[in-house]
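What follows is each chain in one-letter form.
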Amino acid sequence: MPDHDDTVAYREQQVAPPGDLRSHTDGAGFLVFTGTCPVCHARNSFSLVDVVPGTVSKGLPWRRSQDDGPGEWTMDCRCPITHPSNVDEFSGCGAWWTVRLPPQGAP
């Protein structure tokens, strides 16, 4: 299976979280989510530089909707290419999904 399908047309859409979605704390103590985009199969890494596991911070630059509950964040595919049909030339394929912050004390 190729690392990334760059032929997928750009389309903003909510999808189920990646099956391999994982979170860990980086060397600076910040929360990082990793996973493979379910649409274009690109490997993604999201560093929540203002969130230490077990805390919730407001005002992060990622998309957040009013429907998100406490400890939920909406993450976008951030593959490094511009997909076909992407007139605004954003990186990523347009897919996004909701992730939950791990409970306090979780690795």
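Above: the structure in question.
Residues numbered from 1 in each chain as written. Predicted model: local features only at pLDDT ≥ 70, side-chain atom pairs only at ≥ 80, totals over all residues. Heavy atoms only, no water.

A. Looking closely at the state of the cysteines. Taken as a whole, this structure holds 0 disulfides when the rule is applied. Considering cysteine sulfurs only, C93 is the nearest to C37, which forms no disulfide, with 3.7 Å between them. Residue C37 is classed as buried on the basis of its relative accessible area of 1%. The structure places no disulfide on C77, whose sulfur is separated from the nearest cysteine sulfur, that of C40, by 3.7 Å. Residue classification places C77 among the buried residues on the basis of a relative accessible area of 3%. (Disulfide = S-S within 2.5 Å. Buried < 20%, exposed > 50% of the residue type's maximum accessible area, 1.4 Å probe, protein only.)

B. Looking closely at the packing of aromatic side chains. Overall, the coordinates contain 1 aromatic pair when judged by the stated rule. Taking 5.9 Å as the distance between ring centres and 70° as the angle between the ring planes, the aromatic pair formed by F46 and W97 counts as edge-to-face. Here the residue F46 occupies a position in strand β4 (residues 43-48), and W97 occupies one in strand β6 (residues 95-100), the gap between them amounting to 51 residues. Overall, W97 belongs to the buried group, its relative accessible area being 0%. (Phe/Tyr/Trp six-rings, centres within 6.5 Å; stacked < 30°, edge-to-face > 60°. Helix = DSSP H or I, 4+ residues; strand = E, 2+ residues; numbered from the N terminus.)

C. Inspection of the nonpolar core at higher detail. Counting residues in each nonpolar core, the largest one holds 19 residues, and the members touching the most others are F33, C37, C40, M75, C77, A95 and W97. Of all the elements in the fold, those that place two or more residues in this core are β3 (31-36), β4, β5 (72-76) and β6. At 3 residues, β6 tops the list of elements feeding residues into this core. (Core = buried A, V, L, I, M, F, W, Y, C linked by side-chain atoms within 4.5 Å.)

D. Quick peek at the pairing of β3. The buried fraction of β3 is high, at 5 of 6 residues. As defined by bridge partners, strand β2 (residues 22-25) adjoins β3 across 4 bridges and the pair is classed as antiparallel. Looking across to β3, one finds that R22 is bridged to T34. Taking the residues that link successive antiparallel strands as the turn, the β2-β3 hairpin has 5 residues, and the phi of G29 there is positive, at about 90°. Note: β3 against β4, 6 bridges, orientation antiparallel. Following the sheet pairing, F33 is matched in β4 by F46. (Pairing = 2+ DSSP bridges.)

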